[in-house]
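Each chain is listed here by its residues.
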Amino acid sequence: MAEAAAPLGDTPPPFFILAAEDAQRAAARWYDWLAKERRYSRHTLRGYGQDLARFFLFLSEHLGEPATLKDLADLRTADFRAYLNRSRMDGLESTSIARQLSSIRGFFRRLQREGHAVPAAASLIRTPKLKQALPKPLSQAAARDVIDMAEASRDQPWLQARDAALLLLLYGAGLRIGEALGLNGADRPRGNSLTVTGKGNKQRVVPILPIVREAIEAYLQLCPYPQDAGAPLFYGARGKRLDPAIVQKAMRDARRALMLPETATPHALRHSFATHLLGGGGDLRTIQELLGHASLSTTQRYTDVDAEALLNVYKTAHPRATIG
């Protein structure tokens, strides 16, 4: 299972120190709720905390002193617009601003549930329009090559087997990297399926191809560390749970060696899983369930990728495609 942050109670994390004491305590309770009730990972929690900390920093400069709960309740639309303008002046992209606004609104919703007054302006500020980027999958050949290259770059057999098993799992089952690295020994696939804990602590069952199960078994036979039910399924070289940065570096080195684009990341293997399934005749609803998407509209992006790929093949292969 994915590791959740330890609860904090009313102890404010250090990045909330730019708010007044009552706002700090409220922020700590919100952060604690995200950890215990929403069970967000440490990485996600850190992002939410930093988003709110940045807002507190702005308010301390904007108001001339650390913001109290009363100051927060009295914020007007003009204050939020000033925050958005400051974010743009600091060079933040629309995606980052939208994420920060989401974190701030979540904090205010929690304040309201606790009975505190909150500014109406917080829900009236419009989120910047975001350009929906298409997923960037690898071709089937490139997916195989990058897995082979990442495996071959290791000098220890058990690390080679680990990287092959992990990347095959991402590509063969469409897992997010955090989902794969959050697996424990108890989650080890023993049949034709695997139970995965995704975003929001929601579980789903995904089928496991024989080649993926066999790769995981081969890795576990070589792995020098315990394979207890509560121990990590994928270990780092020093016997701790494998860090995502290690996997990202392995993919980065492999794509450079193969001269693949920078979009060839571990997450691109998940995109490749969905796109190749769709291209092979898979239906959107099934792919949505396999990926753990809450909304079908998220999965529908892959139809655009598939259509774009077909158009590129047509333009390349059809003898009259380039004739005016």
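The structure this text deals with has already been given above.
Residues numbered from 1 in each chain as written. Predicted model: local features only at pLDDT ≥ 70, side-chain atom pairs only at ≥ 80, totals over all residues. Heavy atoms only, no water.

1. Description of the overall build of the chain
Item 1. Helix and strand content of the chain: 15 helices and two strands.
Item 2. Expressed as a percentage of its 324 residues, the buried residues of the chain come to 42%.
Item 3. For the chain, long-range pairs separated by at least 24 residues make up 62% of all intrachain contacts whose partners lie at least 6 apart in sequence.
Item 4. If you sum the accessible surface of the chain, you get close to 17500 Å²; carbon and sulfur atoms cover 52% of it. (Helix = DSSP H or I, 4+ residues; strand = E, 2+ residues; numbered from the N terminus. Buried < 20%, exposed > 50% of the residue type's maximum accessible area, 1.4 Å probe, protein only. Contact = heavy atoms within 4.5 Å. Areas by Shrake-Rupley, 256 points an atom, 1.4 Å probe, with all protein chains shown as cover.)

2. A closer look at a positive patch on the surface
Item 1. There is a patch of like positive charges on the surface, built from Arg38, Arg109, Arg113 and Lys202.
Item 2. The class of Lys202 is exposed, set by a relative accessible area of 57%. (Patch = residues over 30% accessible without salt bridge, like charges linked within 9 Å, V, L, I, M, F, W, Y side chains within 5 Å. Salt bridge = Lys/Arg side-chain N within 4 Å of Asp/Glu carboxyl O. Lys, Arg positive; Asp, Glu negative; His and termini not counted. Charge placed at Lys NZ, Arg CZ, Asp CG, Glu CD.)

3. Some words on the nonpolar core
Item 1. In this structure, Leu169, Leu175, Tyr219, Phe234 and Leu269 are the most contacted members of the largest nonpolar core, which totals 44 residues.
Item 2. Within the residue set of this core, elements represented by two or more residues are α7 (140–152), α8 (157–173), α9 (177–181), β1 (193–197), α10 (210–222), α11 (244–258) and α12 (266–279).
Item 3. Among the nonpolar cores identified, the runner-up in size contains 33 residues, and Phe16, Leu45, Ala122 and Ile125 belong to it. (Core = buried A, V, L, I, M, F, W, Y, C linked by side-chain atoms within 4.5 Å.)

4. Digging into unusual backbone geometry
Item 1. With a phi close to 55 degrees, Arg39 is a non-glycine residue in the positive phi region.
Item 2. When you line up the elements, Arg39 lands in the loop between α1 (21–36) and α2 (42–63).
Item 3. Arg39 gets classed as partly exposed once you look at its relative accessible area, which sits at 41%.

5. Observations concerning the packing of aromatic side chains
Item 1. Using the criterion set out here, one finds 16 aromatic pairs in the structure.
Item 2. Residues Phe55 and Tyr83 carry aromatic rings whose centres are separated by 5.1 Å and whose planes lie at 85 degrees to one another, so their mutual orientation is edge-to-face. Note that Phe55 is positioned in helix α2 and Tyr83 in helix α4 (residues 77–89), a separation of 28 residues in sequence. Assigned by exposure class, Phe55 and Tyr83 land together as buried.
Item 3. Consider the rings of Phe80 and Phe108, whose centres lie 6.2 Å apart with planes at 70 degrees: the pair is edge-to-face. Remark: Phe108 occurs in helix α5 (residues 94–113) and Phe80 occurs in helix α4; sequence separation between them is 28 residues.
Item 4. With a relative accessible area of 4%, Phe108 lands in the buried category.
Item 5. Put simply, the rings of Phe16, Trp30, Tyr31, Tyr40, Tyr48, Phe55, Phe56, Phe58, Phe80, Tyr83, Phe107 and Phe108 touch in pairs and so form one group of aromatic residues.
Item 6. Taking NZ or CZ as reference, Arg162 lies 5.9 Å from the ring centre of Trp158, over its face. (Phe/Tyr/Trp six-rings, centres within 6.5 Å; stacked < 30°, edge-to-face > 60°. Lys NZ or Arg CZ within 6 Å of the ring centre and 35° of its normal.)

6. Focus on α4
Think of an α-helix as 3.6 residues a turn; residues three or four steps apart then line up on the same face.
Item 1. Taking 1.5 Å of rise per residue, the 13 residues of α4 would be expected to cover 18 Å, and the 18 Å separating its terminal C-alpha atoms lies within 8% of that figure.
Item 2. Residues of α4 that are buried include every one of Asp79, Phe80, Tyr83, Leu84 and Ser87, and no others. With its buried residues spanning 140 degrees around the axis, α4 presents them on a single face. Every exposed residue of α4 that faces more than 90 degrees away from the buried side is listed here: Arg81 and Met89.
Item 3. On its buried face, α4 sits against α2, α5 and α6 (121–124).
Item 4. Downstream of α4 by a residue or two, Gly91 has a phi angle that is positive, lying close to 90 degrees. (Expected span 1.5 Å × (residues − 1). Arc of directions from axis to C-beta.)

7. Some remarks on the pattern of salt bridges
Close approach of charged atoms allows side chains with opposite charge to pair.
Item 1. Applying the stated criterion across every chain yields a total of 15 salt bridges.
Item 2. Of the charged contacts in the structure, one is a salt bridge between Glu114 and Arg29, with a shortest N-O distance of 3.0 Å. Remark: Arg29 occurs in helix α1 and Glu114 occurs in the loop between α5 and α6; sequence separation between them is 85 residues.
Item 3. When its relative accessible area of 26% is taken as the criterion, Arg29 is described as partly exposed.
Item 4. Counted as one network, the salt bridges with shared partners bring together Arg54, Glu61, Arg86 and Asp90.

8. Some points on the packing of α4 against α5
Item 1. Where α4 meets α5, the axes come as close as 11 Å, and the angle between the chain directions of the two elements is 145 degrees. Both α4 and α5 take part in a crossing whose hand is right-handed. Residue-level contacts link Phe80, Tyr83, Leu84, Ser87 and Arg88 of α4 to Ile97, Gln100, Leu101, Ile104 and Phe108 of α5.
Item 2. Among the residues forming the contact of α4 with α5, the class breakdown is seven nonpolar, two polar and one charged. (Axes fitted to C-alpha atoms, helices over the stretch in contact; angles between N-to-C directions. Left-handed = near helix turned anticlockwise from the far one by under 90°. Nonpolar A, V, L, I, M, F, W, Y, C, P; charged D, E, K, R; others polar.)

9. Remarks on the pairing of strand β2 (residues 203–207)
Within a regular strand, side chains alternate between the sheet's two faces.
Item 1. Only one face of β2 is buried: it carries Arg204 and Val206, and the other face, with Gln203, Val205 and Pro207, is open.
Item 2. In this structure, β1 lies alongside β2, joined through five bridges in antiparallel fashion. Across the sheet, residue Val196 finds its bridge partner in β2, namely Arg204.
Item 3. As consecutive antiparallel partners, β1 and β2 are separated by five residues, and within that stretch Gly200 has a phi angle of approximately 65 degrees, a positive value. (Pairing = 2+ DSSP bridges.)

10. Description of α5
Item 1. In a regular helix each residue adds 1.5 Å, so 20 residues correspond to 28 Å; α5 covers 29 Å between its end C-alpha atoms and thus fits that length.
Item 2. Looking at α5, one finds that the buried residues are Ile97, Ala98, Gln100, Leu101, Ser103, Ile104, Arg105, Gly106, Phe107, Phe108 and Leu111.
Item 3. Those residues of α5 that are buried are in contact with α1, α2, α3 (69–73), α4 and α6.
Item 4. Following α5 by one or two positions, Gly115 has its phi on the positive side, about 95 degrees.

Without other data, these values stay purely geometric and don't point to any function.
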